[in-house]
Amino acid sequence: MASQEELKDFYVGQDVGSVPKPALVLDVAIIRRHCETMIRTVKELDVGFRAHVKSHKKTEIAEMQVGDKTLDGNFIASTMLEIEGLVPLLKKLQSERHRVNVLYGIPLVPSQVARLAKIALEVGRESISLSSRSIRAIIELDYHPPALNKEGLLEKLVNFEKQGYVKLLGVYSHSSLSYAGTTPQEAMKHLINEIDSCKEAVQLHSQFFPQKQLVISVGATPQALSSQNLLQKGEVGPEATTLRDLLRAPFGSDLDAKVKVELHAGVYPLLDMQQLSTKASMQLKSPEEEIAVSVLAEVCSVYSSGERSQPRLSLRPGHWHWEGSHVLAILAGRNCLLGDNRLPTRSHA
């Protein structure tokens, strides 16, 4: 496998047309802007943040996601390979006096325990969190708060914690229902409902959380983006007031435990048409301005619109077929964003 320096020597400064195709093109300026906006949002709202890496799987982007001296290096990963790839970044953040933690976001199977334990030993104490249906350091809700203590799970966790085997951090919810929304108000409602579900779960089982510091971790990109609406000037809607109050103090004084809300999201640095279709944030503009990822490909042939309702493109290699003339316009627009059809020079890469 080529080193990063070898890849830079090969790609940096090349004309876009001469890059081997198909190629995935990332617009670093857009990625950096999205990351900075999210960091500014969570800081102003005084909520926690956990960055998912499954969409991009790049340590360079992961570092941008937590690129502020005041933020902890909290991440979520969906594969063991993603976590292993984060290890150098985690150590770097630790050297800069950041606390680091990676949540393995799927149930841990026995075959992966030793592999994950090796990472935990290398990075250090409390660097790895789990979310599974058997033992959970962060408990996943699955939209059913009463099921939080299914099969005596909480009793087992409390007992394990007393023995020093685990540390119960809080509850975690990742709702995909928000992708059905089409307005900022709907996205904020989904985030409100998600926080309320976590509150219900904690209240139903409050005997397990006496005088404890807990995290309510909620999100998906539409919900996380909707929090940016709270920084807008002017009237945003009653949902904004409700959401702002929930983020500030989810329980008020109704619970002895100290609870902090944590937002999590992953695809927001890149975005795609699915994300933009939710219109979750009022700040988002056109796809050309907000989507940071595109595919550079060679067109083998174009089937004319006289034969079909829309032109159809056949792309090399294999059997890629894209319909609609807008595809070429998007690719052309992305090339222009790279600057005169050339990839950035080394000083700007």
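Basis of the calculations
- Residues numbered from 1 in each chain as written.
- Predicted model: local features only at pLDDT ≥ 70, side-chain atom pairs only at ≥ 80, totals over all residues.
- Heavy atoms only, no water.
- Phe/Tyr/Trp six-rings, centres within 6.5 Å; stacked < 30°, edge-to-face > 60°.
- Buried < 20%, exposed > 50% of the residue type's maximum accessible area, 1.4 Å probe, protein only.
- Salt bridge = Lys/Arg side-chain N within 4 Å of Asp/Glu carboxyl O.
- Helix = DSSP H or I, 4+ residues; strand = E, 2+ residues; numbered from the N terminus.
- Patch = residues over 30% accessible without salt bridge, like charges linked within 9 Å, V, L, I, M, F, W, Y side chains within 5 Å.
- Areas by Shrake-Rupley, 256 points an atom, 1.4 Å probe, with all protein chains shown as cover.
- Core = buried A, V, L, I, M, F, W, Y, C linked by side-chain atoms within 4.5 Å.
- Contact = heavy atoms within 4.5 Å.
- Polar contact = N/O pair within 3.5 Å; in protein donor to acceptor, adjacent residues only side chain to side chain.
- Expected span 1.5 Å × (residues − 1).
- Pairing = 2+ DSSP bridges.
- Right-handed = clockwise from strand over helix to strand, strands pointing away.

- As annotated in an unreviewed UniProt entry, the protein carries the name Alanine racemase N-terminal domain-containing protein and is attributed to Penicillium freii.

## A short note on the packing of aromatic side chains
And step 1. The final tally for this structure, using the stated rule, is 3 aromatic pairs.
And step 2. For the pair Phe10 and Tyr11, a centre-to-centre distance of 4.9 Å together with 80 degrees between the ring planes defines the contact as edge-to-face.
And step 3. Relative accessible area serves as the criterion here: at 44%, Phe10 is assigned to the partly exposed category.
And step 4. Residue Tyr11 is classed as partly exposed on the basis of its relative accessible area, which comes to 31%.
And step 5. Summarising the aromatic geometry, the rings of Phe160 and Tyr165 are spaced 6.4 Å apart at their centres and angled 65 degrees between planes, so their arrangement reads as edge-to-face.
And step 6. Phe160 gets classed as partly exposed once you look at its relative accessible area, which sits at 27%.

## Focus on the pattern of salt bridges
And step 1. Scanning the entire structure with this criterion turns up 13 salt bridges.
And step 2. Residue Glu63 is joined to Lys92 by a salt bridge in which the shortest nitrogen-to-oxygen separation is 2.6 Å. Separated by 29 residues along the polypeptide, Glu63 in helix 3 (residues 59-65) and Lys92 in helix 4 (residues 80-95) bring together distant segments of the chain.
And step 3. Across the pair Lys91 and Glu122 runs a salt bridge whose closest N-O atoms are separated by 2.7 Å. A residue pair is termed long-range when its members are at least 10 positions apart, and Lys91 in helix 4 and Glu122 in helix 5 (residues 113-123) qualify at 31 residues.

## Observations regarding a nonpolar patch on the surface
And step 1. A grouping of Leu7, Phe10 and Tyr11 is seen on the molecular surface, where their side chains present a nonpolar patch of about 270 Å² in accessible area.
And step 2. Tracing the sequence through the fold places Phe10 in helix 1 (residues 4-11).

## Observations regarding the nonpolar core
And step 1. Membership of the largest hydrophobic core comes to 69 residues, with the highest contact counts inside it found for Phe75 and Ile83.
And step 2. When near neighbours in sequence (up to four residues on either side) are disregarded, Ile83 contacts Ala77, Val102, Tyr104, Leu116, Ile119 and Ile128.
And step 3. Counting residues in each nonpolar core, the second largest holds 5 residues, with Val16, Val19, Val25 and Leu296 among its members.

## Focus: the side chain of Glu262
And step 1. Take Glu262: it is sitting in strand 9 (residues 258-265).
And step 2. By relative accessible area, which is 6% here, Glu262 ends up buried.
And step 3. Looking at Glu262, its side chain comes within polar contact range of the side chain of Ser217, at 2.7 Å.
And step 4. If we skip the residues at most four places from it in the chain, Glu262 touches Gly48, Phe49, Arg50, Asn74, Val215, Ile216, Ser217 and Val218.

## Remarks on helix 4
And step 1. Helix length check: helix 4, at 16 residues, gives a terminal C-alpha distance of 23 Å against a target of 22 Å (1.5 Å per residue), a fit within 8%.
And step 2. Note on helix 4: the residue one or two positions beyond its end, Arg97, has a positive phi of about 70 degrees.

## Here's the deal with the environment of Ala77
And step 1. Note on placement: Ala77 falls in strand 3 (residues 73-77).
And step 2. As for Ala77 and Gly105, which are separated by 28 residues in sequence, their C-alpha atoms are 5.8 Å apart.
And step 3. The contacts of Ala77, once residues within four sequence positions are left out, are His52, Val53, Glu82, Ile83, Val102, Leu103, Tyr104 and Gly105.

## Description of the pairing of strand 2 (residues 48-52)
And step 1. Within strand 2, 5 of the 5 residues are buried, which leaves it mostly tucked inside the rest of the structure.
And step 2. Two strands pair when backbone bridges link them, and strand 2 and strand 9 are joined in this way by 4 bridges, in the parallel orientation. Note on strand 9: the bridge partner recorded for Phe49 is Leu263.
And step 3. Pairing between strand 2 and strand 3: 2 bridges, direction parallel. Across the sheet, the residue bridging to Ala51 is Phe75, located in strand 3.
And step 4. In the classification by handedness, the crossover that spans strand 2, the intervening helix 3 and the parallel strand 3 is right-handed.

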